[in-house]
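Working through the structure, step by step
Given next are the chains, with one letter for each unit.
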Amino acid sequence: MTERLNYMKSKKYLYLIALLTLVIFFYYNNSLFEETILDNIVILEDYYIQNPIFFMFAYFIIYVVLTTLSIPVALMLGLLSGFIFDLYSAIILISFASSFGATAAMLISRYLISDYVNRRFLDEISLINNEVDKQGAYYLFALRMSPIFPFFVINAAFGLTKIKTLTFYLISQLGMLPGTTIIILIGSELNDFLIKGSPFSIELVLYLTLLGLIPLLFKKYIRF
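Reading the values: rules and limits
Numbering of residues starts from 1 in each chain and follows the order in which that chain's sequence is written. Totals for whole chains, interfaces and linings use every residue, but because this is a predicted model, local features are given only for residues with pLDDT of at least 70 and side-chain atom pairs only at 80 or more, for both listing and counting. Values shown for side chains rest on all heavy atoms present in the structure; no hydrogens or waters enter the calculation. The helix count covers DSSP runs of H or I at least four residues long, the strand count covers runs of E at least two residues long, and both are numbered beginning at the N terminus. Relative accessibility thresholds used throughout: buried, under 20% of the residue-type maximum; exposed, over 50%; partly exposed, between the two (1.4 Å probe, protein chains only). The contact rule is simple, with two residues in contact once any of their heavy atoms fall within 4.5 Å. For accessible areas, the Shrake-Rupley method is used with a probe of radius 1.4 Å. Any residue's cover is judged against the shown protein chains and nothing else. What a helix is expected to span follows from its residue count: subtract one and scale by 1.5 Å. Summarising the geometry, the arc corresponds to the directions from the helix axis toward the C-beta atoms. Axis definition: a line fit to C-alpha positions, over the contact stretch in the case of helices; interaxial angles, taken between N-to-C directions, run 0 to 180 degrees. Should an angle lie under 35 degrees it is considered roughly parallel, over 145 roughly antiparallel, and from 65 to 115 roughly perpendicular; all remaining angles are considered oblique. Each helix crossing is assigned a hand: it is left-handed if the near helix lies turned anticlockwise from the far helix by less than a right angle, otherwise right-handed if that turn is clockwise. Put simply, Ala, Val, Leu, Ile, Met, Phe, Trp, Tyr, Cys and Pro go in the nonpolar bin, Asp, Glu, Lys and Arg in the charged bin, and everything else, Gly too, in the polar bin. Here, nonpolar core refers to any group of buried Ala, Val, Leu, Ile, Met, Phe, Trp, Tyr and Cys residues whose side-chain atoms link them within 4.5 Å. Two aromatic rings, drawn from Phe, Tyr or Trp (for Trp, its six-membered ring), form a pair once their centres lie within 6.5 Å of each other, and the interplanar angle then sorts them: stacked below 30 degrees, edge-to-face above 60, tilted otherwise. In this scheme, Lys NZ or Arg CZ marks a charge over a ring once it lies within 6 Å of the ring centre and within 35 degrees of the ring normal.

Counting its regular elements, the chain contains 11 helices and 0 strands. Ordered by position from the N terminus, the helices and strands of the chain form the series α-α-α-α-α-α-α-α-α-α-α. Taken across its 224 residues, the chain has 44% of its residues classed as buried. Residue pairs in contact within the chain that sit at least 24 positions apart in sequence constitute 78% of those at least 6 positions apart. Of the roughly 12,100 Å² of accessible surface on the chain, 68% is carried by carbon and sulfur atoms.

Below you can see the structure in the form of structure tokens.
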């Protein structure tokens, strides 16, 4: 089981590295990428400026719905929010949307698809149940701070525990906040680099380093 967890954790970092590599590669080597993706981001920014309340509401709903359906787009939407919104608006919007969506996904797992989840994530659920029995809800906080499992797996697996809904929501929002903030900051720096043409900044390197260090800082709270 330990090998499987290490494999899942490694894949998460590889996805992030691959994403950033593709962004930089296409920026320098593919004019179609610039003309479509980057221009569409500018369009989204303009639409946000013209209709800020409606745009934020629509972005919030889309994020909640996709997270509820366990579609793994949180990283992409988090980065995109850093492109479009100011820092504090993005943090507030993504923090609440991700927490609402995660809680809704947990409730769906608990009340609608518990049999499927139990079969699909048997090993993960067994590990989580054992650790919840030992550490209580604090184990959820540690998982959110040091993501061993993808977030949608955590949502589904905790639906089969006895954790209270409000406790799940509050701990999830607190535990996801540092990672959410760093991802938004990375998006903001990428916006300056890709859209505004600013030099590749030391801040972007720092945020990427912090994103990698968070799991290490909290690894001691996770028991395998």
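There's plenty left to go through after this.
Attention now goes to helix H7 (residues 122-135). The end-to-end C-alpha distance of H7 is 20 Å, a good match for the 20 Å that 14 residues give at a rise of 1.5 Å each. When we look at burial in H7, the residues that qualify are Glu-124, Ile-125, Leu-127, Ile-128 and Glu-131. Considered in projection along H7, the buried side chains sweep an arc of 165° and stay on one side of the axis. Of the residues in H7, the exposed ones pointing more than 90 degrees away from the buried face are Leu-122, Asp-133 and Lys-134. Looking at the residues trailing H7, positive phi occurs at Gly-136, about 75°.

Here we take up the packing of helix H5 (residues 87-111) against helix H9 (residues 151-158). Viewed as axis vectors pointing N to C, H5 and H9 meet at an angle of 45°, and their least axial separation amounts to 7 Å. The orientation of H5 relative to H9 falls into the category oblique. Crossing geometry of H5 relative to H9 is assigned as right-handed. Contact residues: H5 offers Ala-102, Ala-105, Met-106, Ser-109 and Arg-110, while H9 offers Asn-155, Ala-156 and Phe-158. Of the residues that constitute the contact of H5 with H9, the class distribution is 5 nonpolar, 2 polar and 1 charged.

On to the nonpolar core, then. The biggest cluster of nonpolar side chains holds 23 residues, and the ones touching the most others in it are Phe-55, Tyr-59, Leu-80, Phe-83, Ile-84, Phe-85 and Ile-94. Within the residue set of this core, elements represented by two or more residues are helix H2 (31-50), helix H3 (52-68), helix H4 (74-84), H5 and helix H10 (165-194). The residues touching Phe-55, leaving out its near neighbours within four places in the chain, are Leu-44, Tyr-47, Tyr-48, Ile-84 and Phe-85.

This model, assessed by the stated rule, comprises 11 aromatic pairs. Where Phe-100 meets Tyr-169, the ring centres are 5.4 Å apart and the plane angle is 20°; that geometry is what we call stacked. Placement of the pair is Phe-100 in helix H5 and Tyr-169 in helix H10, with a sequence separation of 69 residues. For Phe-100, a relative accessible area of 38% corresponds to the partly exposed category. Given a relative accessible area of 13%, Tyr-169 falls into the buried group. Both rings, one in Phe-158 and one in Phe-168, keep their centres 6.1 Å apart while their planes meet at 50°; by these two values the pair is tilted. With Phe-158 in helix H9 and Phe-168 in helix H10, the pair connects residues that are 10 residues apart, well separated along the chain. Looking at Phe-168, the relative accessible area reads 0%, which means it is buried. Linked through ring pairs, Tyr-47, Tyr-48, Phe-55, Tyr-59 and Phe-85 together constitute an aromatic cluster. Over the face of the ring belonging to Phe-151 we find Arg-144, whose NZ or CZ atom lies 5.2 Å from the ring centre.

Interhelical geometry of H3 versus H4 gives an angle of 165° and a closest axis separation of 11 Å. Here H3 is positioned roughly antiparallel relative to H4, judged by the angle of their axes. Taken as a pair, H3 and H4 cross one another with a handedness that is left-handed. Between H3, through Phe-55, Tyr-59, Tyr-63 and Leu-66, and H4, the contact on the second element is made entirely by Ala-74, Leu-77, Gly-78, Leu-80, Ser-81 and Ile-84. Classifying every residue of the contact of H3 with H4 gives 8 nonpolar, 2 polar and no charged.

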